[in-house]
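One-letter residues, chain by chain:
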Amino acid sequence: RRVIRVGLQADGPAYRLTFDDSGIGIASGSEERIFLPTYSTKTNDLGQPNGTGMGLTIVKNFVEMNTGGSIQAFSTGVLGGASFVILIPAAK
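First, a word on what this report is: a plain description of the structure on this page.

What counts, and where the lines are drawn
- Residues numbered from 1 in each chain as written.
- Predicted model: local features only at pLDDT ≥ 70, side-chain atom pairs only at ≥ 80, totals over all residues.
- Heavy atoms only, no water.
- Pairing = 2+ DSSP bridges.
- Helix = DSSP H or I, 4+ residues; strand = E, 2+ residues; numbered from the N terminus.
- Axes fitted to C-alpha atoms, helices over the stretch in contact; angles between N-to-C directions.
- Expected span 1.5 Å × (residues − 1).

### Quick look at the sheet that holds strand E1 (residues 4–11)
Strand order in the open sheet made by the 4 strands is E1-E2-E4-E3, with antiparallel pairing throughout. Of all the strands in the sheet, the pair left with one neighbour each is E1 and strand E3 (70–74). Averaged over neighbouring strand pairs, the angle between their axes works out to 15 degrees when direction is ignored. With 7 bridges joining them, strand E2 (residues 14–21) and strand E4 (residues 83–89) adopt antiparallel strand pairing. Bridge pairing links Tyr15 to Ile88 in E4.

### Quick look at helix H1 (residues 55–67)
Helix length check: H1, at 13 residues, gives a terminal C-alpha distance of 18 Å against a target of 18 Å (1.5 Å per residue), a fit within 8%. One or two residues past the end of H1 sits Gly68, with phi positive at roughly 75 degrees.

In structure tokens:
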């Protein structure tokens, strides 16, 4: 059974959004590469690349360009799968 937990908290001068899941996580060492255009770790049943590798690139660009915030990925989080943290500056 897959579990996804989303959290939101005020973290000083920013808001902190967290996304944790119980999936297989992210390969250690690829946490920065997953945000690169066309980089994908998804494969089909034959082991061939599957997907465009654009999803997290779009998310990162949106967060940075529209909020002035940042996103960071962690290979394993509290639920055993991947963990993502988005920091968005609070309005002045």
